[in-house]
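Observations on chain architecture
In case you want the letters, here they are:
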Amino acid sequence: MKQYTIGLVLAAGLSVGLTLSGCSDFDEINRSQYEAGTDLVQIEYFINNSIISAQMNPEVAERAFVLYWKDAAHTDRIGSLSEYFTDDGWTGNYFGYVTTWLSYINEAITLYQAKDAEGSLQPYSKNLYEVARIWRVYLMSEFADNFGPMPLNGFQGEEVQFNTVEEVYNFLLQELEESTKDLALSPAAPEATTKLDPAYGYDFAKWRKYGNSLRMRLAMRVVNADPELARRHFEAAVRDGYISTLDEIFSVQERPGWDDLTGVMTREWNEQYLSATLNNLYTGLGGITSEEQIGAYVRSAVKILNDAAGADSPQPIRVKFNAPDWMGVRWPDHFPTTTNDPSAGFWSDGFSATMDPRAYVAYGIPGDLNNPHFCKYPSWSSAASVTRRALEKKVEGSSKPDTVAVINSAFTWNAPCAGDWGDKGALNKVAFFRGNTPTLVLDFRNSSMRRVFYGPWESYFLRPVLPRCRHLQVPGSVSCLRVLQSGRYLRRMGSYG
């Protein structure tokens, strides 16, 4: 019978007493105090620990989710992978964590097999096994998408043999096909067990839909490499049911502090700027004017701030909603003009004429200091409240530059591109300073949200990718902020690794 070290069992969330007393059986008397047999551990403990651990504590979240994934997805202006910068320490840190999450979920699967051999399963254990297989698929896809080839028999304490990404994806799709088919909707898990599933509370109908949704996602990733394989798995997943409503979202509640459930974007020194790429996606999308969305609020907020500053304020805040053909003020000596950003060389002195409504909800307006959603991080600095900064010029024969203009960025909307601006960057004291550009609102940074791994909007957006599946019924558009907040959904699709 396989033995589990006490440390591993405790890591899986056990809170049971392991003191042996009143033993009459010789084997029980001689059982190591540092080991627990399959009779003392449960499959759900390991599933729970794998899911919770994969939420990422702040150490790995900053390195992988923020500094790597968000930058690679161009949803933040960081300048790591997008500017060809990598760090072996960050990469190794993530590798150590993701292999641990995989080890936990493989232990759940191994434990099921051991209990099955012993005949000690619970009536609902088979469903836990299928849930574990589905979650393992997600983790393996995350690993393969980050590192490429991986061992299918890895993270199980065995000598490993690496498999190609094609072999990995074939295995993952097959696992999803089998596990969703074998996942029964009954018997239900007991209440105590449902509390150990932070995503769905062991609602097996939702787990089946999540498995089918993963199958749709992975099928889309191989549509160019193997169109027929992609079509077969995608259509089968759609027919069997997938995530299509908000109450089916796969998500896990965050909580404040410093542990695995702490939010992934909580580190105060990460500014979480709005990127130029995301801003260009937002601008003009939806056809709703900025005036209609925030006009009344902005005027009220600005009046309060200007009144508080008094008549002697050197530069009162002004409200401006730009015309559709107005990009802003052109400063070619201070902003790059060789980028493909449509706003190259410009700094907006107001708000774009039309804007995706999610932009003003997800990101704080510079200078909107009285808004409870505005994030003032870092809390030990006043940088978020400083919106007046200078554009400078060199003075011949002097090491001290002159001021060309002082710009008040309060209640304007700009997302300058990342990169090395050379002399222009040195003379620009506006673009790269905390208080002058939109940053992620406090709601996404204070561990009060649910971290989303799959939402119905992904099902909706998958439809156009595979032409032969367009006839299938896919739900209408769902408005949800997380579609643009999670780098997990912005990976390359259509080919192997």
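The structure we're discussing is the one just above.
Now for a quick tour of the structure. (Residues numbered from 1 in each chain as written. Predicted model: local features only at pLDDT ≥ 70, side-chain atom pairs only at ≥ 80, totals over all residues. Heavy atoms only, no water.)

**What to know about the overall build of the protein**
Looking only at helices and strands, one finds 15 helices and twelve strands in the protein. Sorting the 497 residues of the protein into buried and exposed places 51% on the buried side. Once local pairs closer than 6 in sequence are excluded, the contacts in the protein between residues at least 24 apart make up 75%. A total accessible area of about 22,400 Å² is found for the protein, and carbon and sulfur atoms account for 52% of it. (Helix = DSSP H or I, 4+ residues; strand = E, 2+ residues; numbered from the N terminus. Buried < 20%, exposed > 50% of the residue type's maximum accessible area, 1.4 Å probe, protein only. Contact = heavy atoms within 4.5 Å. Areas by Shrake-Rupley, 256 points an atom, 1.4 Å probe, with all protein chains shown as cover.)

**Comments concerning unusual backbone geometry**
Looking along the chain, the bond that leaves Ser186 and enters Pro187 is cis, with omega of 5 degrees. With respect to the secondary-structure elements, Pro187 resides in the loop between α7 (165-182) and α8 (191-194). Omega for the peptide link from Tyr377 to Pro378 comes to -5 degrees, which places this bond in the cis form. By the secondary structure assignment, Pro378 is in the loop between β8 (363-364) and β9 (388-393).

**Some thoughts on the packing of helix α3 (residues 43-53) against helix α6 (residues 125-147)**
Packing of α3 against α6 leaves a shortest axis separation of 10 Å and a crossing angle of 25 degrees. Between α3 and α6, the angle falls in the class roughly parallel. Taken as a pair, α3 and α6 cross one another with a handedness that is left-handed. Two secondary-structure elements touch here, α3 through Ile43, Glu44, Ile47, Ser50 and Ile51 and α6 through Ser125, Leu128, Val131, Ala132, Trp135 and Leu139. Partitioned by chemical class, the residues of the contact of α3 with α6 number eight nonpolar, two polar and one charged. (Axes fitted to C-alpha atoms, helices over the stretch in contact; angles between N-to-C directions. Parallel < 35°, antiparallel > 145°, perpendicular 65-115°, else oblique. Left-handed = near helix turned anticlockwise from the far one by under 90°. Nonpolar A, V, L, I, M, F, W, Y, C, P; charged D, E, K, R; others polar.)

**Here's the deal with the pattern of salt bridges**
Oppositely charged side chains are able to pair whenever their charged atoms sit close together. Tallying each qualifying case throughout the model produces 21 salt bridges. A salt bridge links Arg239 to Glu235, with the nearest nitrogen and oxygen atoms 4.0 Å apart. In this pair, Arg239 and Glu235 are both assigned in helix α10 (residues 227-240), four residues apart and thus about one turn of the helix distant. Ionic pairing is found between Asp423 and Lys394, a salt bridge with its closest N-O pair at 3.8 Å. In this pair, Asp423 is assigned in helix α14 (residues 423-427) and Lys394 in the loop between β9 and β10 (402-408), connecting sequence segments 29 residues apart. The residues Asp423 and Lys394 share a single accessibility class, namely exposed. Residues participating in the shared-partner salt-bridge network are Lys126, Glu130, Arg133, Arg136, Glu175 and Glu178. (Salt bridge = Lys/Arg side-chain N within 4 Å of Asp/Glu carboxyl O.)

**Thoughts on the packing of helix α9 (residues 204-221) against α10**
Interhelical geometry of α9 versus α10 gives an angle of 155 degrees and a closest axis separation of 8 Å. Put simply, α9 runs roughly antiparallel to α10. When the axes of α9 and α10 are compared, the crossing they make is left-handed. Between α9 and α10, the contacting residues are Arg208, Asn212, Arg215, Met216, Ala219 and Met220 on the first element and Ala230, Arg232, His233, Phe234, Ala236, Ala237, Val238 and Asp240 on the second. The residue makeup of the contact of α9 with α10, split by class, is eight nonpolar, two polar and four charged.

**Some details on α10**
With 14 residues, α10 extends 20 Å from end C-alpha to end C-alpha; this agrees with the ideal 20 Å at 1.5 Å per step. Taken residue by residue, α10 has Leu229, Ala230, Arg231, His233, Phe234, Glu235, Ala237 and Val238 as its buried positions. Buried residues along α10 sit in contact with α7, α9 and α15 (456-462). Downstream of α10 by a residue or two, Gly241 has a phi angle that is positive, lying close to 105 degrees. (Expected span 1.5 Å × (residues − 1).)

**With respect to the side chain of Ser125**
Tracing the backbone shows Ser125 in helix α6. Ser125 gets classed as buried once you look at its relative accessible area, which sits at 4%. Setting aside its immediate chain neighbours within four residues, Ser125 contacts Ile43 and Tyr112.

**Section: the side chain of Asn408**
You can see Asn408 is positioned in strand β10. The buried category is assigned to Asn408, whose relative accessible area is 13%. Among the polar contacts listed, one links the side chain of Asn408 to the backbone oxygen of Gln315, at a separation of 3.2 Å. Within the structure, the side chain of Asn408 is placed 2.9 Å from the side chain of Thr387, a separation counted as a polar contact. Once residues within four sequence positions are removed from consideration, Asn408 is found in contact with Gln315, Pro316, Ile317, Thr387 and Arg388. (Polar contact = N/O pair within 3.5 Å; in protein donor to acceptor, adjacent residues only side chain to side chain.)

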